[in-house]
Amino acid sequence: MGGRDAGPVDLSQHDFALWEKRVDALMVICSSKGHFTVDGLRRVLEDMGEDAFETMTYYERWVASVNQNLLEAGVYSIEELGRRMEQVARRGATYGEAAEGTADA
Amino acid sequence: MPHDHHDHGTPHSHEGMSPSGHPYRADNDTALTYWQVMEIAMRELLIEKGVTTSAEVQAQIDVMDSRSPANGAAVIARAWTDPDFRQRLLENASDASREMGFDIGPLQLIAVENTADTHNVIVCTLCSCYPRNLLGLPPDWYKSRAYRSRLVKTPRAVLGEFGLNLPDSTTIRVHDSTADMRYIVLPARPAGTDDLTEEQLARLVTRDSMIGTGLPRTPE
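What counts as what
- Note on numbering: residues in each chain are counted from 1, in written sequence order.
- Labels follow written order: the first chain is A, the first ligand is 1, and so on.
- For a predicted model such as this one, the threshold for reporting local features is a pLDDT of at least 70, and the threshold for listing and counting side-chain atom pairs is 80 or more; totals across whole chains, interfaces and linings nevertheless cover every residue.
- Throughout, a pair of residues is in contact if the C-beta atoms placed from their backbones lie within 7 Å.
- Only DSSP runs of H or I reaching four residues or more are called helices, and only runs of E reaching two or more are called strands; each is numbered from the N terminus.
- Residue polarity is assigned by list, with Asp, Glu, Lys and Arg as charged and Ala, Val, Leu, Ile, Met, Phe, Trp, Tyr, Cys and Pro as nonpolar; anything else, Gly included, falls into the polar class.
- Exposure classification rests on a simple neighbour count of other C-beta atoms within 10 Å of a residue's own: a residue reaching 20 or more is buried, one at 12 or fewer is exposed, and one in between is partly exposed. C-beta atoms are placed from the backbone.
- Should DSSP find at least two bridges between two strands, the strands are regarded as paired.
- Residue ranges for the domains trace back to a domain assignment, done automatically or taken from a database.

1. Remarks on the interface of chain A and chain B
Taken together, the contact pairs 58 residues of chain A with 58 residues of chain B. Those elements that provide at least two residues to the side of chain A that touches chain B are α1 (18-32), α2 (38-47), α4 (58-72), α5 (78-90) and α6 (95-99) of chain A. For the side of chain A that touches chain B, the per-class residue count stands at 33 nonpolar, eleven polar and 14 charged.

Take a look at the structure:
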């Protein structure tokens, strides 16, 4: 996107949430173990198109890209992911509730 | 006035701010989002498949949390006080940083030096590549469309938004990072710091001065 027009730089900052740090950690761990490359991460981010920059946050785009790369690498299947996401969503209404019952909770 | 702070002249209430002065981001106590569900599911599957463990994920987060611009500042202060180290840093910033005990990983790190007539600033127009091993996670603005789009085209205007107004005679060099090659700015040592120790000098080195959107502090 270098060279395009855009508005002023927004200098506000937020503290990273736990789920965002976990996405970052999973990216580093999975790429360092050879399941995908940073180029793979970026390819999916770029394939999302311009709209994704307006509608998704940074780590939302990242989790989508890491997931897509892991699916392509065959680390888990789309069926496994779908089933697990349904289970997770049923656990509760908040991130804290949904993350409970996992090895991390 | 160049500085690292996030409070760029906009008065705001600190109500609802975290101890570091940032607004809290939705986390454990707000409605679960689709993408959070995906993170939980992905992490659980990765643990079950033996790709990682919950301890490894937490350890990686701890590493991330332990990195801060203080790491980079220590490297810069060493370069200001040790001419041989400065030379090694400019030749191979990865190796010079490792010499000081910092884990740089496999990436190639390049230090670019500000001089009397040249100012350097870094960006990643492709995504968000950043010398995170020396500076920690990048600030939100570094990852923003506005910074990434405009810095390469109108660097003077963008730097002005950070309160850094350089004379027209100063050449501005914009360095575009890649996944494997990242830059850190070696700012010029401020005048009037001849008597300071390396530790005192390190405290003058701000995050933004190593990105190039600011200058080091001057001694009080």
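2. Focus: the pairing of strand β4 (residues 181-186) of chain B
All names here are of chain B. For β4, a buried count of five out of six residues is recorded, marking the element as mostly surrounded by other parts of the structure. Pairing between strand β1 (residues 108-113) and β4: six bridges, direction parallel. Paired with Ile-110 across the two strands is Tyr-183, which belongs to β4.

3. Overview of the domain arrangement of chain B
Each assigned domain of chain B is listed here: domain 1 (34-65) and domain 2 (68-211). If you average the C-alpha positions of domain 1 of chain B and of domain 2 of chain B, the two centres end up 31 Å apart.

4. Overview of the environment of Glu72(A)
Relative to the helices and strands, Glu72(A) is located in helix α4. Between the C-alpha atoms of Glu72(A) and Gly40(A), which are 32 residues apart in sequence, the distance is 10.0 Å.

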